[in-house]
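# An overview of the molecular structure
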Amino acid sequence: MSRKSKSANRWCSVLAAILGLASGYGTSTESSVLVTLAPAQPADMRTTLTAYGTVEFAPDQLQALSVQGEGLVTHVHVAPGQRVRKGDALVELTATANSATELEHARIAVEFATKDLERLQDLRTRQLATNAEVRTAEENRVKAESALANVRKRLGETSHRCLRADLDGYVEAVHVHAGDIVSPGALLLLLAPADKLRVRLGIEPEDLPIVQEGQKVVIKPLHPGLPPKEGQVNHIYYQVDPKTRLAEAVVLLTGSSDWLPGITVKAELVVAEHRQVVTVPYQAVLSRDGRHYLFVDEQGHARQRWVEIGFDDGQRVEI
């Protein structure tokens with residue numbers, strides 16, 4: 001809720017004096033002065049809480065890239081913060097001695113199972129092997145082929161592998177360097193979708209009781225050229241940071257590919273909202289002895305009316 005400034009109060013005092021003369025208030029002599037008339041209008045009024053924060057990657061949207069087999073990193077094409085497009089090369093690897101040996105053993109196992117099956121099939125034609133022995137050999141070859149396919153899937157068909165981005169986004173972190181030998185499942189880098197970010201807002205501890213999940217939030221970047229966006233409070237962290245002495249509220253942003261992680265924003269959290277209420281210009285509301293009043297136009301005469309006020313946004317006041 002906006003607070004009246006000293007300059008606004010001075011203007012209200014002048015306006016009161018002018019309107020008092022126009023209505024004959026405080027004098028027995030009717031006077032006339034030129035005043036400005038403004039209509040009462042229906043409008044949505046809000047009470048907001050201002051907070052500041054920073055745009056960052058949404059941790060639950062990060063994509064972790066790893067390899068299923070051991071490899072030697074030969075080249076890293078990206079760095080943290082770099083923007084990538086789907087299909088861009090990220091990391092290149094080559095097979096190590098261990099991975100090459102594993103692939104060769106799988107190939108040899110298939111060759112052995114195939115030859116053993118052929119031998120038993122030949123013996124069966126001469127009635128020197130049973131059908132059961134042939135079926136066992138067939139099962140062994142299927143298992144060996146399945147094992148080879150699994151190794152090829154993990155290590156690739158060749159000794160060289162290139163990992164590519166499968167989305168448009170940013171590189172959040174890189175955990176390897178050229179020359180590193182990575183084990184199966186080791187994290188190589190993290191990718192963040194470009195259109196799924198979040199904002200961490202600092203909240204004064206005394207304001208936490210009026211902040212709730214699901215509240216509307218209007219976010220304005222403190223950076224020229226970027227339009228404001230609307231969202232809602234997704235999470236509230238009821239813990240005060242000893243450095244900032246603030247708690248935190250998190251707002252998810254979608255479709256924000258033109259925003260960059262790290263930019264500072266100003267947010268207005270909608271604490272309460274009154275829809276389509278009667279409002280008048282801020283300068284029209286005056287006060288005396290703790291009560292509020294304004295003047296209405298009745299057939300060309302200014303008539304004083306006592307009123308109760310609600311929300312105000314610095315420009316209009318709810319009546």
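Residues numbered from 1 in each chain as written. Predicted model: local features only at pLDDT ≥ 70, side-chain atom pairs only at ≥ 80, totals over all residues. Heavy atoms only, no water.

The chain carries the name Efflux RND transporter periplasmic adaptor subunit in an unreviewed UniProt entry, which gives Methylococcus capsulatus as its organism. We quote the UniProt Sequence similarities (unreviewed entry) comment for the chain here in full: "Belongs to the membrane fusion protein (MFP) (TC 8.A.1) family." (UniProt positions renumbered as here; feature names shortened; annotations may be inferred.)

### Some details on the environment of His292
On the secondary structure map, His292 appears in strand β16 (residues 291-298). Put simply, His292 and Trp306 are 14 residues apart on the chain and 6.0 Å apart in space, counted from C-alpha to C-alpha. (Helix = DSSP H or I, 4+ residues; strand = E, 2+ residues; numbered from the N terminus.)

### Focus: the sheet that holds strand β6 (residues 160-164)
Spatially, β6-β5-β3-β8 is the arrangement adopted by the 4 strands of the open sheet, whose pairing is antiparallel. Edge strands, defined here as strands with exactly one partner in the open sheet, are β6 and β8 (181-182). Bridge count for strand β3 (residues 71-76) against β8 is 2 bridges, and the pairing is antiparallel. By the bridge assignment for β8, Leu72 is matched with Ile181. (Pairing = 2+ DSSP bridges.)

### A few points about the environment of Glu92
Of note, Glu92 is situated in strand β5 (residues 89-95). Look at Glu92 and you get buried, because its relative accessible area is 19%. Along the primary structure Glu92 and Thr74 are separated by 18 residues, whereas in three dimensions their C-alpha atoms are 5.6 Å apart. Setting aside anything within four residues of it in sequence, one finds Glu92 in contact with Leu72, Val73, Thr74, His75, His77, His160, Arg161 and Cys162. Engagement of the side chain of Glu92 in a polar contact is seen with the side chain of His160, the distance being 2.8 Å. (Buried < 20%, exposed > 50% of the residue type's maximum accessible area, 1.4 Å probe, protein only. Contact = heavy atoms within 4.5 Å. Polar contact = N/O pair within 3.5 Å; in protein donor to acceptor, adjacent residues only side chain to side chain.)

### Quick word on the confidence of the model for the chain
Taken over all residues, the pLDDT of the chain has a mean of 83, while the share at 70 or more is 87%. Low pLDDT, under 50, characterises residues 1-28; the stretch is placed with 39 contacts to residues that sit more than four places away or in other chains. (pLDDT = per-residue confidence, 0-100.)

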